[in-house]
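# Tertiary structure, described
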Amino acid sequence: AELWQWTSDGFEPLTDFGMRVAEPDVSGDWVVYERSTAEGSIFERQIDALNLTTGEVVPLTEGLDEGWHLSPAIDGPLVVWQQSTGSSAPSREGIVWSYDLDTGTRRPLSDESGLAPRVSGGRVCWTSEVTFMVEDGYYAEKVVMVLDPGAFEPVRTARGYGCDLN
């Protein structure tokens, strides 16, 4: 799949990388997405940010250890995603990362399990590993963090699955 945008001339491709792109999210002039490439039978998933005005592509996960980089989300200059680690079959959960497009700063937000991070208004949340099952399904602990200029500080944990900060 490719990324496309609507203009007055109709649909135009945003990407033409000869690879698959998925899970796009947009904020202002930026769109973030998963980029999948294959070498033999092994697929690699990375996260890129594309500036819709300038066409600049920023490879956010370049230089990180192997693993699949999944579920990008963006709000303003802040991008978050998860890095799922594992050998032949990456685990469903992994490290949650952030990248500030204004400063070029990348840092881990979790050192354990995190799934499908989301960001809004400087708050970041993700679901951590499934901790219990009840009659109507599985539930997990949700962690919500607040962005502080120096650090991330926990706000609350709550039972639930997935994050919606809006």
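Definitions and limits used
- Residues numbered from 1 in each chain as written.
- Predicted model: local features only at pLDDT ≥ 70, side-chain atom pairs only at ≥ 80, totals over all residues.
- Heavy atoms only, no water.
- Helix = DSSP H or I, 4+ residues; strand = E, 2+ residues; numbered from the N terminus.
- Buried < 20%, exposed > 50% of the residue type's maximum accessible area, 1.4 Å probe, protein only.
- Contact = heavy atoms within 4.5 Å.
- pLDDT = per-residue confidence, 0-100.
- Pairing = 2+ DSSP bridges.
- Axes fitted to C-alpha atoms, helices over the stretch in contact; angles between N-to-C directions.

Residue position: glutamate 23 is located in strand E3 (residues 20-27). Assessed through its relative accessible area of 45%, glutamate 23 is described here as partly exposed. When the C-alpha atoms of glutamate 23 and serine 71 are compared, they prove to be 6.4 Å apart, with 48 residues separating the residues in sequence. For glutamate 23, the residues in contact, after removing those within four places along its chain, are Val32, Tyr33, Glu34 and Pro72.

Another point: the confidence of the model for the protein. Mean pLDDT for the protein: 76, with 59% of residues reaching 70 or above. For the protein, strand E14 (residues 152-160) is the element with the lowest average pLDDT, namely 58, and strand E6 (residues 57-59) is the one with the highest, namely 94.

This part covers the sheet that holds strand E8 (residues 78-84). Spatially, the 4 strands line up as an open sheet ordered E7-E8-E9-E10, and their pairing is antiparallel. Taken across any chain shown, the strands that pair with only one partner, and hence form the sheet edges, are strand E7 (68-75) and strand E10 (105-108). Strand-to-strand twist in this sheet, taken as the mean axis angle between neighbours without regard to direction, amounts to 20°. As paired elements, E7 and E8 share 6 bridges and run antiparallel to each other. Bridge pairing in E8 places isoleucine 74 opposite valine 79.

The residue glycine 114 is located in the loop between E10 and strand E11 (115-120) in this model. For glycine 114, a relative accessible area of 0% translates into the label buried. Sequence separation between glycine 114 and glutamine 82 is 32 residues, and the spatial gap between their C-alpha atoms is 6.6 Å.

Quick look at the pairing of E10 now. Walk down a regular strand and you will see the side chains alternate between the two sheet faces. Of the pairings in the sheet, the one linking strand E9 (residues 94-100) to E10 comprises 4 bridges and is antiparallel in character. In the sheet register, serine 98 faces E10, and the bridge partner there is arginine 107. The antiparallel pairing of E9 with E10 creates a hairpin that spans 4 residues between the two strands, and glycine 104 there sits at a positive phi of about 75°.

Even without a glycine there, the phi angle at glutamate 23 is positive, about 55°. Residue serine 71 is not a glycine yet carries a positive backbone phi of 55°. Looking at where serine 71 falls in the secondary structure, it is placed in strand E7.

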